[in-house]
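# Close look at the chain arrangement
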Amino acid sequence: EEASLSAEPRYRHWKVKANDRAYHHLPEFQRKVFLCIKKSKYSGNAIKTYKYNVLTFLPLNLFEQFKRAANLYFLGLLILQVIPQISTLPWYTTLVPLVLVLSITAMKDLVDDLARHRMDKEINNRKCEVLLDGRFQESKWRHIQVGDVVRLKKNDFIPADILLLSSSNPNSLCYVETAELDGETNLKFKMGLRVTDERLQEESQLARFDALIECEEPNNRLDKFTGTMLWRRERYPLDLDNMLLRGCKIRNTDFCHGLVIFAGADTKIMRNGGKTRFKRTKIDELMNYMVYTIFVLLILVAAGLAIGHTFWYEEIGSKAWYLYDGKDEDASYRGFLSFWGYIIVLNTMVPISLYVSVEVIRLGQSKFINWDLQMYFPEKDTPAKARTTTLNEQLGQIEYIFSDKTGTLTQNIMAFKKCTISGQTYGVFTFRDSQHRPVDFSWNRYADRKFQFMDHSLVALIRSRKDKDALEFFKLLSLCHTVMVEQKEDDLVYQAASPDEGALVTAARNFGYVFLSRTQDTITIREMDQETTYEMLALLDFNSDRKRMSIILRAPDGRIRLYCKGADTVIYERLSPNSRHKQSTQDALDRFANETLRTLCLCYRDVSRDEYDAWARKHKDASVTMTDREAALDRVYEQIENNLMLLGATAIEDKLQDGVPETIAKLAKADIKIWVLTGDKKETAENIGFSCELLTDDMQIHYGEDINEKLTVRQANRRNEPLSSGRNRKKAPEPFFPQPGKNALIITGGWLVSFAQGPRRPRCGEMLQVGRRAGIDFVDMACECEAVICCRVTPKQKANVVSLVKKYKKAVTLSIGDGANDVNMIKTADIGVGISGQEGMQAVMSSDYAFAQFRYLQRLLLVHGRWSYIRMCKFLRYFFYKNFAFTLVHFWYSFFSGYSSQVAYEDWFITIYNVLYSSLPVLLVGLLDQDVNDKLSLKFPKLYLPGQQGLLFNYKNFFISLFHGIFTSLIIFFIPYGAFLQTMGQDGEAPSDYQSFAVVTASSLVITVNLQISLDTSYWTFVNCFAVLGSIAIYFGIMFDIHSAGIHVIFPSIFTFTGAASNALRQPYLWLTIILTVGISLLPVICIQFLHKTIWPSVGDKVQRHRKKYEMEEEEKKKPPAFQRGQRSRRSAYAFSHSRGYADLISSGRSIRRRPAARGEQKETETLHWNQ
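Residues numbered from 1 in each chain as written. Predicted model: local features only at pLDDT ≥ 70, side-chain atom pairs only at ≥ 80, totals over all residues. Heavy atoms only, no water.

- Per an unreviewed UniProt entry, the protein goes by the name Phospholipid-transporting ATPase and belongs to Myripristis murdjan.
- For the protein, the Catalytic activity (unreviewed entry) comment in UniProt is given as "ATP + H2O + phospholipidSide 1 = ADP + phosphate + phospholipidSide 2."
- What the UniProt record of the protein gives under Cofactor (unreviewed entry) is the line "Mg(2+)". (UniProt positions renumbered as here; feature names shortened; annotations may be inferred.)

What follows is the structure, encoded as structure tokens:
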């Protein structure tokens, strides 16, 4: 592997010189930043996730806020109100609320960004040893530069993407934990080049190190790295096995040295982070469009009234001597001024208080999520956290969920549950098994105390030593693996390449077959009470094509035996005709598969000395071939892995998080589709799909080849379409799965790559069109399925899949994950959810919502999301209604005031109406209202459907609110107008003055809108009742104060309605007028609501009607377990998350190779000792 390369590498853009910081600032590595300013293309190691700094906060934040149409609208109004000729309302009535809204939003953004600043500072100030001036010095991460040599110690996080040079382990082996990257806690190994391992151990040697690294440009491929190292006139190849990636953690290695290749923003973990997107809800977008609609309506109404004023002035105003105002202005100019005056008067159709109220409601909803004790995880003291306050109502509209697997659906903990030996199944609980007590393993001093097994009969069988197959079964588990072991105090600690292997070896250990140690060519185990060492002749490694691994051993008595474990589909093909218990084992495998356990078949064969010698020669030849070595080795392995004798099978449970199947079933009933996007193997992902009941036995599963065939047929049909008539082309395409039944897709990252590239390269002109059509076809097919699983996908591919669905389905998407490999997906989706409480917090830091368990997702969506959506929709519908009803009274009044932009109410009523008189009841509905309680929301997931379909707030609802507002304003104006037209008071006077009329219309309006919100309130509390009555009481209290003589004396020019309220409201017929106005306004609403709930009730109405009955019912009975007698599953339940490469590591002896004598270290040949 370290052989020097004779040929020059291809041109590479990225060059790194060891221990030479000045080299990376040479002119050839400069890039233009702005105009003539240049900067090194190599990033520093400081990371930046914040949006603002001290200088940019104010301008950038204001720029972002004024991108919102309403804020611009109010800024324009403010400018108009400053102009005296057209101002009909004081300028401060708009300035104060606008500044308030901008300040509240800016403060919220500032708090969010300060949290990002703190996190960045904490990470950038972590410490690390860097080689400077010939010796290692402690330095902060942010000061590390490309080309620096660093020293890392056990349990340190890796600060940058680093080329491993040497370590304290033999052969510069280094173990890393990648929980921050992919959520997996099992260790992975990295290895330095032999030349750097031998020559770069001492500080002085590292200080003289001057190699030049040439490699690929920074990219987001976590599974790939290619480069070369030029040192002392020799070239050495580099690959991903030599690289330590930022975000990983050093484990089981006292120290290691490395060379920084990529720093900061260039590292693979940061490149996978994706762009931080500004997320907005669908309701936000709708509100923007509605503001535009209202603005257009406002201009049309103002223009119509201005034209009316022009004609009125020409016909009446200019001829009436008593209307002369001393200004010599013609009718057109007066009409122009009237237009701007009406723009100001009618601006309250969209009051600025709407946006303040929306922010308050969203903040309140976020707090309710944070305070929800049913989403608190006590084991890790982790509450749910709404990390954003702007997306709550979008939680009630989710159509697609994209979930990671490891650490999100599963705990990544494997447990040995059952096994079948010689046709007999063990692990099934029987009545005699000591009242559900687990097996007592105290007789075995090596037993792992955490291991639990319920079947006492298997232990009795092993301890009796009567069944040779059972003894051979556990002997195989203790010998056929690639696990490493260390002695820690008096305990054995296993380090497995996959949790599956760890579970199997631990099971063997508890049943008396204890793996003790291994060297390059021996394995030592304890068989019950006897220690035995076997000579390892060959280790036939696992890979995803072979689906099995084997080991050939020579026992102390000289016999040679091959042990093999693997998938039933490949093992059964290789069994000897004389092998027994095939059918009974297959029946057990079917039952295990039905219980969604992960299975492996175990078998063996005896090998004669001559046969082994002949095979060993072929194996040696294949292992040194230069062309297609893997295929050659596979062919040689095939020759000896045959005529196998079946021992039995193991069944391992990949522990799901609590409540995952129930959550998925509940979300499916809410018509939410769940896609699993994972970097894991196809078999493992498929098995978890069955475990969590995303996949079921009655589903037709389609794989890559089947999908290709269907897509090819669709594309061929499309090519023939131009021959048909244009009418036919527009019809909806035929479904991909016309036959009845459920369908599921299982595809791989490799298939997605080949799909994206296509079977042929299209010409430049048709590239875009072909890519778009292929994307639409794939999304259409996937969306017809009940479930989609994408395995072996990169973080970038995860994000691309989410983008495809967002783009072509216009659907609201949610991504949920727990690792750094999920960050891009989380940022791309409309809502990102991070699973917190794990070791890696990268996903949480990028998420919008965070909690500790997947099962809390159903409560987040079906309860908080649905409530938030219903509340926000009800709030907006009512808010638009009450402001149309309030504002359009001016419109009707204009017909009787010469279209002169005279307001119909007192100025102070206009200023306070949206702040005090009508805000609190609707605010409380937006915060507290619920059609049904949380238990019924979860019991009836169909209640979620209106949110997905956007039924509660859309343009139809907007225009209903508009016409409702027009109707109410019409009643509120014309009934008092009719009452005032020809009336006589008790004192013989006719109180038909403008001020009394304004008092009556305002009183009718306040009472009507407050009783209207009462009709729309589903959930009554004392606070709601107090708010409605309190708002009406506050109105009358303030009105009588403002109309008092005392305040007029102090501010005679501001408070001009002296005595108007007391004069008008002492007349009984005006109270009758108010009651009549309110009654006629509300009566149609009451009738329509009654008809809707009795004749056309929604699902929510039906649940509400029987709410008491449902609340008294007992909780739903738990559904029967997945396994039921009489059912059969013929699918293979094989799933093994092991990666290839470990066998090569062990059998080559690299993990236990002797150190060069020059280093003066002691010889280590007996066992591999790990330090942790």
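### Some remarks on the overall build of the protein
- A tally of regular secondary structure across the protein gives 40 helices and 35 strands.
- The burial tally for the protein puts 55% of its 1172 residues in the buried class.
- Intrachain contacts of the protein at a sequence separation of at least 6 include 74% that bridge at least 24 residues. (Helix = DSSP H or I, 4+ residues; strand = E, 2+ residues; numbered from the N terminus. Buried < 20%, exposed > 50% of the residue type's maximum accessible area, 1.4 Å probe, protein only. Contact = heavy atoms within 4.5 Å.)

### A look at the packing of helix α27 (residues 856-894) against helix α32 (residues 955-981)
- Two elements in contact, α27 and α32, have axes whose closest approach is 7 Å; the angle formed by their N-to-C orientations is 40°. As the angle between them shows, α27 and α32 are arranged oblique. In this structure, α27 meets α32 at a crossing whose hand is right-handed.
- When the residues that make up the contact of α27 with α32 are grouped by side-chain class, the tally is 15 nonpolar, 6 polar and 1 charged. (Axes fitted to C-alpha atoms, helices over the stretch in contact; angles between N-to-C directions. Parallel < 35°, antiparallel > 145°, perpendicular 65-115°, else oblique. Left-handed = near helix turned anticlockwise from the far one by under 90°. Nonpolar A, V, L, I, M, F, W, Y, C, P; charged D, E, K, R; others polar.)

### Section: helix α19 (residues 682-691)
- Most of α19 is tucked away: 9 of the 10 residues are buried.
- When α19 is considered as a whole, its buried residues turn out to be E683, T684, A685, E686, N687, I688, G689, F690 and S691.
- Remark: E693 follows α19 within two positions and exhibits a positive phi of approximately 65°.

### Some remarks on the sheet that holds strand β19 (residues 424-426)
- With antiparallel pairing, 9 strands are arranged side by side in an open sheet as β19-β18-β28-β27-β26-β25-β24-β23-β22. Edge positions in the sheet fall to β19 and β22 (513-518), since each has one partner strand and no second. Taken pair by pair, the neighbouring strands of this sheet meet at an average axis angle of 30°, ignoring direction.
- Examined bridge by bridge, strand β25 (residues 548-554) and strand β26 (residues 560-566) share 7 bridges and lie antiparallel to one another. Its bridge partner lying in β26, I552 is registered against L562.
- Here helix α16 (residues 609-624) sits on the sheet in contact with β24 (530-540), β25, β26 and β27 (598-607), set at roughly 110° to β27. (Pairing = 2+ DSSP bridges.)

### A few points about the packing of α27 against helix α33 (residues 994-1016)
- The interhelical angle for the contact between α27 and α33, taken along N-to-C directions, is 165°, at an axis separation of 11 Å. Comparing their axes, α33 and α27 come out roughly antiparallel. Our pair here, α27 against α33, has a crossing hand that is right-handed. For the pair α27 and α33, contact is made by K874, Y878, Y881, K882, A885, F886 and Y893 and by Y994, L1005, T1008, V1009, N1010, Q1012, I1013 and D1016, respectively.
- Residues that form the contact of α27 with α33 fall into these classes: 9 nonpolar, 3 polar and 3 charged.

### Structural notes on the nonpolar core
- Core analysis: the biggest nonpolar cluster contains 97 residues, and F74, L354, Y355, F875, L876, F909 and L1005 have the highest contact counts within it.
- Among the elements that take part in this core, α27 stands out by supplying 16 residues, more than any other.
- Taken domain by domain, the makeup of this core includes at least three residues from each of domain 1 (54-123) and domain 5 (867-1106).
- Beyond its immediate chain neighbours, meaning those up to four positions away, F909 contacts F886, Y917, A1002, L1005, V1006 and Y1035. (Core = buried A, V, L, I, M, F, W, Y, C linked by side-chain atoms within 4.5 Å. Domains from an automatic or database assignment.)

### Regarding empty space enclosed by the protein
- Counted under the stated rule, the structure contains 5 cavities of 30 Å³ or more.
- In this structure, the largest cavity occupies an estimated 100 Å³ of space.
- Those elements that provide at least two residues to the lining of the largest cavity are α28 (907-917), α33 and α34 (1022-1042). (1 Å grid on protein atoms, 1.4 Å probe; cavity = no way out; pocket = protein on both sides within 12 Å on 5 of 7 lines; lining within 4 Å. Points joined across faces, edges and corners; volume = space filled by probe spheres on them.)

### Brief notes about the side chain of D161
- Take D161: it is sitting in strand β7 (residues 161-167).
- Here D161 is buried and forms no salt bridge, its nearest opposite-charge partner K268 lying at an N-O distance of 5.9 Å.
- Engagement of the side chain of D161 in a polar contact is seen with the backbone nitrogen of R246, the distance being 2.9 Å.
- Non-local contacts of D161, meaning those with residues more than four positions away in its chain, are made with M243, L244, L245, R246, L259, V260, I261, F262, T267 and K268. (Lys, Arg positive; Asp, Glu negative; His and termini not counted. Salt bridge = Lys/Arg side-chain N within 4 Å of Asp/Glu carboxyl O. Polar contact = N/O pair within 3.5 Å; in protein donor to acceptor, adjacent residues only side chain to side chain.)

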